[in-house]
Amino acid sequence: MPHQNSSVAVATDFPALTTRYPLADGRIIRRHYLDSAASTLTMGCAKQVADELLRHYANTHSELHFSARIVSHAYAWAHQQVLKFVHADPVQHTAFFAGTGCTAPLNRLARSLAAQRPERNIVLASLMEHHANDLPHRKHAGTVVQIPLIGPAPALGAVNLMALERLLEQHQGRVNYLAISAASNVTGIINPVHTIAALAHRHGAWIVVDASQYLAHAPLSISDTGAPERELDALAFSGHKLYAPGSPGVAVVRRTLLASQEPDEVGGGMVDDVSRTGYQVTARFPDREEAGTPNILGAVQLGAVLNVLQRVGMAQIHAAEQVRLRQLLAGLATVPGVRIYGDSDPDRTPRLGTVAFNLDGLEQGLVAAVLNDYFNVAVRNGCFCAHPYVRELLKPELWAMEIDPDAVDAALQLKAWQGMVRASLGLYSTAEDVAALLTGLRDLQSRPDFYRAHYAADTAGNCHHRTFTAPAELLFDPEAALDRALERLSAPFAVL
Ligand SMILES: Cc1ncc(COP(=O)(O)O)c(C=O)c1O
């Protein structure tokens, strides 16, 4: 049941929202954080749960003492929150934590699924995949064939379902699984994952969904309408993109996909017995998938976030973000010389709150640096770990410059300036944040020479201010922070 009025309070419960930095023009103002697609900020109430748990901290592999029982219970609760969040049936599915982001579970899934059906050595991955949902399949699961997207560049849309069907027919009996993002980390464009699941299943293929860019922004169920053919076989996501930095990567998987083979990773906690010559892997989920001591605090923090988001209601969060996204798209459209990548009509091509763009005549490295140094607007620039997609989106521009992005040496020709600027929203993003971005872009467009004169580009295309420096260690010095913390202690280094 959505909790009325709670979204306002939760949306402001992010301690890092008030962080201020000094700027090149001498002002000291609040940061406008528009880089949530890279990592979101920490939700205060969820962090508080993890901090409270610290008072009981123990290892989940200990069993009998009070703290061990408390921590094991909290860790199990985190798993339950994950399953509930994606409406996964706890009897049919398991949720397990791995690594520091979704790269680890995606590698695990690639190895596990490849081992189960080695005769099916083709994976179909959409052209918009982040490298994390592409390279693990290339390395562990055979040949990755890319699924084209709808429409022409730069206004590419979602996965082209007709092209996908043709690929499934062409490689009939050889496609092990599909690797598809629920939403792109470059354009925020949403893929119809349940429809894609139905297509995959009709051809005997599984579907692995990378939901890293989706789950913080919109509701997603593993089973959609309840029709089994539309159900997702596995999904993976990163807690640090879901308001819980420091939390592990997560996978939700149909148990039958994992039960028939030995888990990919082995070690403590996933066995019932070990003799000098053999070992017995436990049948218990998720234990068998979580060898070693887990990241308990991170998982519990993530569980708390997922619980909060469900109380607010993901539909409500999604609706609020769509309002902000439309403000952002409409505002960008009024900035002279802006080119937005991916179909920018959200009614035709649904997208989440992530927008990649360029400004005519201004390198993305310069735009991002000026936004930071003069406007305290944090955006990401470059290729966002999605090189094939970014190059496809840039294709018309590259062709106009007589560069073939598909050429073997394309990377050498492109490196210094290729890429885009990306602004991405979280549930804390305000109209003021969007306005700050637009103000910066308009100012850049109105006096490019002023800004250009202040910057020098390095060989990687990053621009550095010629006179203004704000070294990271002056903005935050971990050792100074530690010294302040130690001041609480009267005899800090005395040994008991
Ligand atoms: C769509 C998508 N998939 C995968 C990843 C990789 O996530 P992580 O770095 O947390 O492993 C990212 C990170 O940006 C992403 O945006």
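What you see is a predicted model, and the numbers here were worked out from it, not measured in a lab.

### Quick notes on the site of the ligand
What surrounds the ligand is the set Gly101, Cys102, Thr103, His130, Ala132, Asn185, Asp210, Ser212, Gln213, Ser238, His240 and Lys241. Taking His130, its side chain carries an N or O atom lying 3.2 Å from an oxygen atom of the ligand. In this structure, an oxygen atom belonging to the ligand sits 2.6 Å away from a side-chain N or O atom of Lys241. If the ligand stood free it would expose 390 Å²; the protein chains cover 87% of that surface. For the shell around the ligand, the class distribution of residues is two nonpolar, eight polar and two charged.

### With respect to helix α11 (residues 364-375)
Here α11 contains twelve residues, and its C-alpha end-to-end distance of 16 Å stays within 8% of the 16 Å for a straight helix at 1.5 Å per residue. In terms of burial, α11 is a largely internal element, eleven of the twelve residues being buried. Where α11 is concerned, the buried positions are Gln364, Gly365, Leu366, Val367, Ala368, Ala369, Val370, Leu371, Asp373, Tyr374 and Phe375. Asn376 occupies a position one or two residues after α11 and carries a positive phi of about 55°.

### Quick word on the domain arrangement of the protein
Often the size quoted for an interface is simply the accessible area lost on bringing the parts together. Assigned domains of the protein: these are domain 1 (6-41 + 314-475) and domain 2 (48-311). The partner domain 2 presents 39 residues to the 39 residues of domain 1 that form the contact. For the domain 1 and domain 2 pair, buried surface summed over both sides reaches about 3,100 Å², with 64% attributable to carbon and sulfur atoms. Together, Met314, Leu352 and Tyr389 form the three largest contributors to the area buried by domain 1 at its contact with domain 2, with a combined 25%. Taken together, the connections running from domain 1 to domain 2 amount to zero salt bridges. Where domain 1 meets domain 2, there are 20 residue pairs in polar contact (both at pLDDT 80 or more). Across the side of domain 1 that touches domain 2, the residue classes break down as 25 nonpolar, nine polar and five charged.

### Some remarks on the environment of Ala315
Among the structural elements, Ala315 can be located in helix α10 (residues 314-333). A relative accessible area of 56% means that Ala315 is categorised as exposed. Along the primary structure Ala315 and Ala218 are separated by 97 residues, whereas in three dimensions their C-alpha atoms are 6.3 Å apart.

The rules we used
Residues numbered from 1 in each chain as written. Predicted model: local features only at pLDDT ≥ 70, side-chain atom pairs only at ≥ 80, totals over all residues. Heavy atoms only, no water. Near = heavy atom within 4 Å. Polar contact = N/O pair within 3.5 Å; in protein donor to acceptor, adjacent residues only side chain to side chain. Areas by Shrake-Rupley, 256 points an atom, 1.4 Å probe, with all protein chains shown as cover. Nonpolar A, V, L, I, M, F, W, Y, C, P; charged D, E, K, R; others polar. Helix = DSSP H or I, 4+ residues; strand = E, 2+ residues; numbered from the N terminus. Expected span 1.5 Å × (residues − 1). Buried < 20%, exposed > 50% of the residue type's maximum accessible area, 1.4 Å probe, protein only. Domains from an automatic or database assignment. Contact = heavy atoms within 4.5 Å. Buried area = accessible area lost by both parts, 1.4 Å probe. Salt bridge = Lys/Arg side-chain N within 4 Å of Asp/Glu carboxyl O.

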